[in-house]
Amino acid sequence: HMDLLTSEAFQMLLGERLQAGEDVAPAYSSEGHRASSVSIPGVVPSSTAGSADADKPVPTVDFDAAVGLVYNILEQTQLPYDRSTVRGWVACACNTFALSWTEANAMTDARVRFIVDWVLRCLADHTIRGLPEYFERQFLHGLGHDDTSIGESGLLLSGAVAHGLFGNIWLHARESRAPPRADSASSGPDTSRLLSARGGKGARSRRQSMAGSRRQSNVLASPRMSSVHVSASPRMSVVNSGLLGSRKYSIAGGPLDVLRMQHVVISVSKVWCRLPPELLSARIQHMISMEPIPFVLPLRDAFEDSEHVHLVYDGLSAQAVCLTDKVFDDMHLSEEDADEHGFCEKTVQQIVWKLLKSLEQAHSRGMVHGSLRMGCCYFNDPEDLDSLQILEFGLAALFDCPTAVPPAMILSPLEADRTDPVPAYRRDFQCLAEMAFLMLGGQPICSLNSSKEELAKRFRRGAVNFSDKSYAHTTEDAKDFVVDVLRPACFRKNTKLQPCYEVSVYMSHRWFYARRDNPDQLTLLYDVIVMRKYDTWRNTLRLRCNFMKILADHMPLKSIGHLCEDLAKLSATISEEPGAVSWTMVVNHILKTCPILHLLQKVNKAFGENEEMPVINIRDTRQAIEAWRRKRVREIVWQVFNRSKAYNGEMQADACWEGFHNGVLHVWSRPLRVVDIVFPPGGEESDARQRELQAFLKSRKRVRFLELLSKTDAARPI
């Protein structure tokens, strides 16, 4: 019935548009393309070349007309809606098929029906969001296995974990089931979606030790080359490299069988799902079955529990290192190793080229990374740049960005225009420019103490400053590349090139071609100035993240609110910059209610060397601390259910109370019990809330996760 209603509305709208321009006769070429510009508002005929009716244009409507049609249908069906929200849903649906505004303004009848179906599903999902019914349903469908529970996947989520942009990243999650041998002729079809065919062979690799010496270690080398050296052009390092990059694994029988049982798993809270379950499953299925993108870690499967969606990727090697740490290690090589493996502009050039190669393939398919950063890039072999693996690709289209993210991990504004029907290609370029600027000079593109408004203004203007002495030896071509990539669209020359192919312009930049004048400048090793600036940036990120974790472990939301209110009053009377306070002021006020001086002393350089300078923005810091507090409480409460394998979010009340007195699995500040974090000790209020929780659990036999969460200060959204 809705399809019929949509088709009728489409035809009526089309008739009105054509009637408005009936005096103008559009002309078409023999191939069916429009030969002249026709001024018919909202109607753009598209080509059907190659069909029997090639000379007949297919009637279409533009994006704004399609949005108005959706409004009309919702009003006819008497469904309540918000216009701006619905327009965002229409744009989100357009992102799945429109590579540019030209395609977005060519909506056929079939595409309009697809959009209406998309909007109705989003409207139904939006109606129950925030209710228990939202979580009490299956989120994943059509992935090849009826039971999508993480308990049936055979995955053990343990080991090294990193804080990603969308959730926790389990870097080496293991599969407990014994995988079938790939060399067995009678094995039949592969029964495990997690195990993928990955070719490779063994090789030797070296890695720097903490003392500066180099040690030998076994790694799995690329099947296409035995060693990698710095080439004359970064473009040569990806020639004939294949789409999967250096996948250093093998599923042949033998000792490497255990490696194919390792996977990278990204666990995202269902709170942040942007799409309804059916649409989310369809997008995940597309990402699983699509052609591989160069240097992107492939998505293999997905599972869920009552709280999370678990995205299962190919595994990383045991020697895998993050790009953030690789740059640090290469800058601090000993003199005998620096000549061969030291970090220089040539290395930056090659890394940026590989990122561009990945974006080229993705953008041509209408896909964007959306949150490219140093922390989501890993190398399976620290000495092989071709072993680059990019994580979190495409997740920005599936999930909203949480507020509890590691501080300053990415400075580029991630708040994209939700009403734009074209994928946010520009955001990838901003993130790429930020990474290139950081690797060239060791310092971020903006001060880490900048407020959100200052960051948005800087990237909106596309301003960048190379006057610092750390860029004294950076080539002019490298500087021009960063400026060109960061330049906003309003400051560029008009071109007919579609935005999805804009990456080809940057790949043809002169920085990537061999220089005849002063060729040694590219291979000049970075001096101590760049090293110190990069060390400061890397250390600041670590300390600020630890500062958030310390307060999340020891201060409830109520105390955090009182702390920031007192600091705001103090800032208005003492500080030269209202809204900003110094580290000394923050520590003094924290110690009034929370005696954790020994922990705060470990992160006293998180906001700079000068502890008396007012550089801490109170509003932004409060938002971050409160978000980390909610994230912490929500995760450790779920830990109680996860330990009991209660993946459906329901367990025995007695076992739940016992779980609250167990230690937390992931230590953020110091070893603590779950109950000591949920209800930080100190004061009568904490004791009263513990007694209230105990009485609640004793009054029932079974308890649900959401019910228990409502008794904590993480009841509100993260």
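The preceding data block contains the structure.
A quick note: this is a predicted structure, and the numbers were derived from the prediction, not measured.

Asks: Give me the lowdown on a nonpolar patch on the surface, citing residues and values where you can.
Replies: On the surface, a nonpolar cluster with roughly 250 Å² of combined accessible area is contributed by L497, Y501 and V505. When you line up the elements, L497 lands in the loop between α13 (476–486) and α14 (503–507).

Asks: Any chance you could break down the packing of helix α11 (residues 425–441) against α13 for me, citing the residues and the numbers?
Replies: Running from N to C, α11 and α13 point in directions that differ by 155°, and their axes come no closer than 8 Å. Our classification of the angle between α11 and α13 gives roughly antiparallel. The hand of the α11/α13 crossing is left-handed. Between α11 and α13, the residues in contact are R426, F429, Q430, L432, A433, A436, F437 and L440 and A478, F481, V482, V485 and L486, respectively. For the contact of α11 with α13, the residue count by class is eleven nonpolar, one polar and one charged.

Asks: Account for the packing of aromatic side chains, with residues named and values stated.
Replies: Summed over the entire model, instances satisfying the criterion amount to 23 aromatic pairs. Each ring, one from F343 and one from Y526, has its centre 5.6 Å from the other, and the planes form 70°; the classification is edge-to-face. In this pair, F343 sits in the loop between α9 (335–341) and α10 (345–364) while Y526 sits in the loop between α14 and α15 (528–554), placing the two residues 183 residues apart along the sequence. Among the residues examined, Y526 registers a relative accessible area of 15% and is labelled buried. Taking 6.1 Å as the distance between ring centres and 5° as the angle between the ring planes, the aromatic pair formed by W638 and F641 counts as stacked. In this pair, W638 and F641 both sit in helix α19 (residues 618–643), three residues apart, roughly one turn of the helix. Exposure class is identical for W638 and F641. Each is buried. One aromatic cluster is present, built from ring pairs that chain together W353, F481, W511 and F512. We note K326 situated over the ring of F379; from NZ or CZ to the ring centre the distance is 5.6 Å. Seen from the ring of W668, R632 lies directly overhead, with NZ or CZ sitting 4.3 Å from the centre.

Asks: Can you break down the state of the cysteines residue by residue, with the values?
Replies: With the rule as written, the count across this model stands at zero disulfides. Between C431, a cysteine without a disulfide, and C376, which holds the nearest cysteine sulfur, the sulfur-to-sulfur distance is 8.6 Å.

Asks: Before we move on, can you summarise the pattern of salt bridges with the specific residues and values?
Replies: The final tally for this structure, using the stated rule, is 34 salt bridges. R619 is the partner of D620 in a salt bridge, and the nearest nitrogen-oxygen pair spans 3.9 Å. A residue is classified by how much of its surface remains accessible, and R619, at 46% relative accessible area, is partly exposed. Note that K631 is salt-bridged to E635, the shortest N-O span being 2.7 Å. One end of the pair is K631 and the other is E635, both in helix α19 and four residues apart, which spans about a single turn. On the basis of relative accessible area, E635 is assigned to the partly exposed category, the value being 24%. Counted as one network, the salt bridges with shared partners bring together E136, E650, R702 and R704.

Asks: Before we move on, can you summarise the pairing of strand β6 (residues 262–269) with the specific residues and values?
Replies: Sheet faces and side chains relate simply in a regular strand, where the side chains alternate between the two faces. With eight of its eight residues buried, β6 lies for the most part within the structure. Residues of β6 alternate between two faces, with Q262, V264, I266 and V268 on one and H263, V265, S267 and S269 on the opposite face, all of them buried. Bridge count for strand β3 (residues 167–175) against β6 is six bridges, and the pairing is antiparallel. Across the sheet, the residue bridging to G167 is V268, located in β6. With six bridges joining them, β6 and strand β8 (residues 308–313) adopt antiparallel strand pairing. Directly across from V265, in β8, lies its bridge partner V312.

Procedures and definitions
- Residues numbered from 1 in each chain as written.
- Predicted model: local features only at pLDDT ≥ 70, side-chain atom pairs only at ≥ 80, totals over all residues.
- Heavy atoms only, no water.
- Patch = residues over 30% accessible without salt bridge, like charges linked within 9 Å, V, L, I, M, F, W, Y side chains within 5 Å.
- Areas by Shrake-Rupley, 256 points an atom, 1.4 Å probe, with all protein chains shown as cover.
- Salt bridge = Lys/Arg side-chain N within 4 Å of Asp/Glu carboxyl O.
- Helix = DSSP H or I, 4+ residues; strand = E, 2+ residues; numbered from the N terminus.
- Axes fitted to C-alpha atoms, helices over the stretch in contact; angles between N-to-C directions.
- Parallel < 35°, antiparallel > 145°, perpendicular 65-115°, else oblique.
- Left-handed = near helix turned anticlockwise from the far one by under 90°.
- Contact = heavy atoms within 4.5 Å.
- Nonpolar A, V, L, I, M, F, W, Y, C, P; charged D, E, K, R; others polar.
- Phe/Tyr/Trp six-rings, centres within 6.5 Å; stacked < 30°, edge-to-face > 60°.
- Buried < 20%, exposed > 50% of the residue type's maximum accessible area, 1.4 Å probe, protein only.
- Lys NZ or Arg CZ within 6 Å of the ring centre and 35° of its normal.
- Disulfide = S-S within 2.5 Å.
- Pairing = 2+ DSSP bridges.

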